Amino acid sequence: MSDQLSTEHLLGIKALSAEDIELIFRTADGFKEVLNRPIKKVPSLRDLTIANLFFENSTRTRISFELAEKRLSADVVNFSSGGSSVSKGETLVDTVNNILAMKVDMVVMRHPDPGAAVFLSRHVNARIVNAGDGTHEHPTQALLDAYSIREKLGRVKGVKVLIVGDILHSRVALSNIFCLQKLGAEVMLCGPSTLMPRHIATLGVKVEPDLDKALRWCDVANMLRIQLERQGGDGIGNFPSLREYAMRYGLDLERYQRIGKDVVIMHPGPINRGVEVTTQVADHANSIILDQVENGVAIRMAVLYLLAARIPRSVG
Ligand code: CP
């Protein structure tokens, strides 16, 4: 059993092994215990400086990373593209290298362009953590999702996970598919055909267009957010209306009760209440939506701690 990650950066789940993911989970178990103490802080990263670069909006991921860094005693600098020199034409590499010149060790970055984190890892001398790159990957979201399933059901292997909605624009879906499959779960996708990538079945997932059938199959239903900001025109380019989407692919209490078993309800947030899930479903006893958010801090602490362990440094 290794105590080191196989990678120097966290760019996506695709590059991680199942052993890496299990190591992150074991490490997060320890940090969850820390987070439940009166003093929720350890000195592990007190010699490191971490920059959070957010070129796209975020609430959960940004706050969760910042809390994780502070709980590990790292020095933290926050950058968001609004109000920065990016608007004056500065390139991504120049922006990051200027920040690194101020002696930053790790960069956590969210960016609207797929591949931005990989690009950065090849051009700057720091550990890079992908906090979501366009429609590509959102690795810490998938890790916290799988960790939350493990916590709720006691295992991930053999669990049937349904991912519903806007698969086409979702970095959460792709990272979840990779993560769940590496851990031995079965994955089914459900959503409008216009929001389903054409060759998605080649990833080894099942595709079921009928939500009621899909819900009867699964143990866990992860209801994705409709990514209105990544769709054309007024935001609704791929289905007639939000009302019609909610009727066919949304989860309300009546549909949930028709399943006839205790399906675990998940959502990566932010929720469009009344579209992907109704309030009664979001706040249902079988919903683990807020557990996902809580577990995000422990998972991000684990990722940062394990990546920092691979930085040559002298402590003391
Ligand atoms: N789940 C997620 O990435 O949420 P934010 O966009 O608020 O970070």
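Conventions we followed
Residues numbered from 1 in each chain as written. Predicted model: local features only at pLDDT ≥ 70, side-chain atom pairs only at ≥ 80, totals over all residues. Heavy atoms only, no water. 1 Å grid on protein atoms, 1.4 Å probe; cavity = no way out; pocket = protein on both sides within 12 Å on 5 of 7 lines; lining within 4 Å. Points joined across faces, edges and corners; volume = space filled by probe spheres on them. Helix = DSSP H or I, 4+ residues; strand = E, 2+ residues; numbered from the N terminus. Nonpolar A, V, L, I, M, F, W, Y, C, P; charged D, E, K, R; others polar. Domains from an automatic or database assignment. Pairing = 2+ DSSP bridges. Axes fitted to C-alpha atoms, helices over the stretch in contact; angles between N-to-C directions. Contact = heavy atoms within 4.5 Å. Buried area = accessible area lost by both parts, 1.4 Å probe. Salt bridge = Lys/Arg side-chain N within 4 Å of Asp/Glu carboxyl O. Polar contact = N/O pair within 3.5 Å; in protein donor to acceptor, adjacent residues only side chain to side chain. Near = heavy atom within 4 Å. Areas by Shrake-Rupley, 256 points an atom, 1.4 Å probe, with all protein chains shown as cover. Sits in = over half its atoms within 2 Å of the grid points. Core = buried A, V, L, I, M, F, W, Y, C linked by side-chain atoms within 4.5 Å. Buried < 20%, exposed > 50% of the residue type's maximum accessible area, 1.4 Å probe, protein only. Phe/Tyr/Trp six-rings, centres within 6.5 Å; stacked < 30°, edge-to-face > 60°. Disulfide = S-S within 2.5 Å.

Undergrad: What should I look at first to understand empty space enclosed by the protein in this one?
TA: By rolling a water-sized probe across the atoms, one finds the places where empty space is left. On inspection of all chains with the given rule, the structure shows one cavity of 30 Å³ or more. Approximately 80 Å³ is the volume attributed to the largest cavity. Around the largest cavity, the lining residues are R60, T61, S64, Q141, L144, H267, P268, Q292, V293, G296 and R300. Secondary structure elements with two or more residues in the lining of the largest cavity: α2 (60-71), α5 (139-153) and α11 (289-308). Looking at the lining of the largest cavity element by element, the count peaks at four residues for α11. Residue classes in the lining of the largest cavity are distributed as three nonpolar, six polar and two charged. The residues that make up the lining of the largest cavity include at least three from each of domain 1 (13-137 + 296-308) and domain 2 (139-293).

Undergrad: Looking at this model, I keep getting lost on the sheet that holds strand β4 (residues 127-133). Mind explaining?
TA: Within the open sheet, the four strands sit side by side as β2-β1-β3-β4. Their pairing is parallel. The open sheet terminates on both sides in strands that have one partner only, identified here as β2 (75-80) and β4. Across this sheet, the average inter-strand angle for adjacent strands is 15°, counted without regard to direction. Sheet topology places strand β1 (residues 49-54) next to strand β3 (residues 106-111); five bridges connect them, and they run parallel.

Undergrad: How should I be thinking about the domain arrangement of the chain in this particular structure?
TA: Interface size is commonly expressed as the accessible surface area that is lost when the partners come together. We note that the domain assignment places domain 1 (13-137 + 296-308) and domain 2 (139-293) within the chain. For domain 1 and domain 2, the distance between their C-alpha centres works out to 25 Å. Taken together, the contacts link 29 residues of domain 1 with 26 residues of domain 2. Together, the buried faces of domain 1 and domain 2 total about 2400 Å²; carbon and sulfur atoms form 62% of this surface. Our count for the contact surface shared by domain 1 and domain 2 stands at three salt bridges. Between R171 and E56 there is a salt bridge, with its nearest N and O atoms 3.0 Å apart. For the pair domain 1 and domain 2, the number of links is eleven residue pairs in polar contact (both at pLDDT 80 or more). Elements with a minimum of two residues in the side of domain 1 that touches domain 2: α1 (18-35), α2, β3, β4 and α11. The biggest single contributor to the side of domain 1 that touches domain 2 is α1, with eight residues.

Undergrad: Sorry if this is basic, but what is going on with the site of the ligand here?
TA: Taken together, S58, T59, R60, T61, R110, H138, Q141, P268 and G269 form the complete shell of residues around the ligand. With respect to the ligand, the side chain of H138 contributes an N or O atom lying 2.9 Å from an oxygen atom. When the ligand sits alone it has 250 Å² of accessible area, and the protein chains cover 91% of it. Judged by the proximity of its atoms to the pocket grid, the ligand belongs to the largest pocket. Here the shell around the ligand gathers at least three residues from each of two domains, domain 1 (13-137 + 296-308) and domain 2 (139-293).

Undergrad: What is the right way to read the nonpolar core from this model?
TA: Nonpolar side chains in soluble globular proteins generally cluster together in the buried interior. Grouped together as the largest cluster of nonpolar side chains are 65 residues, with contacts concentrated most on I24, M106, V129, L143, I163, L189 and L304. No other element matches the ten residues that α11 contributes to this core. Domain assignment of the residues forming this core places at least three in each of domain 1 (13-137 + 296-308) and domain 2 (139-293). Among residues more than four places away in sequence, those in contact with L304 are L45, I50, F65, A68, E69, L72, M106, V108 and V129. Membership of the second largest hydrophobic core comes to 26 residues, among which are W217, Y245, Y256 and V275.

Undergrad: Got a minute to help me understand the packing of aromatic side chains in this structure?
TA: Any two aromatic rings considered together are summarised by their centre-to-centre distance and by the angle between their planes. If you walk through the whole model with that rule in mind, you get five aromatic pairs. Seen from their ring centres, F25 and Y147 are 5.3 Å apart, and the 70° between their planes marks the pair as edge-to-face. Linking F25 in helix α1 with Y147 in helix α5, this pair joins segments that are 122 residues apart in sequence. Judged by relative accessible area, F25 falls into the buried class, the value being 1%.

Undergrad: Can you help me understand the layout of surface pockets in this one?
TA: The space that makes up the largest pocket amounts to roughly 340 Å³. Looking at the largest pocket, it is lined by 20 residues, and the ones nearest its centre are N57, R110, R171, R225 and P270. Broken down by secondary-structure element, the contributors of at least two residues to the lining of the largest pocket are α2 and α6 (171-182). Residue composition of the lining of the largest pocket, by class: four nonpolar, nine polar and seven charged. For the lining of the largest pocket, the two domains that each supply at least three residues are domain 1 (13-137 + 296-308) and domain 2 (139-293). Its boundaries defined by the atoms lining it, the second largest pocket holds a volume of some 190 Å³.

Undergrad: What is the right way to look at the state of the cysteines in this model?
TA: Disulfides are covalent bonds that connect the sulfur atoms of two cysteines. Across all of its chains, the model carries zero disulfides by this definition. In this structure C179 is a free cysteine whose sulfur lies 18 Å from that of C218, the closest cysteine sulfur available.

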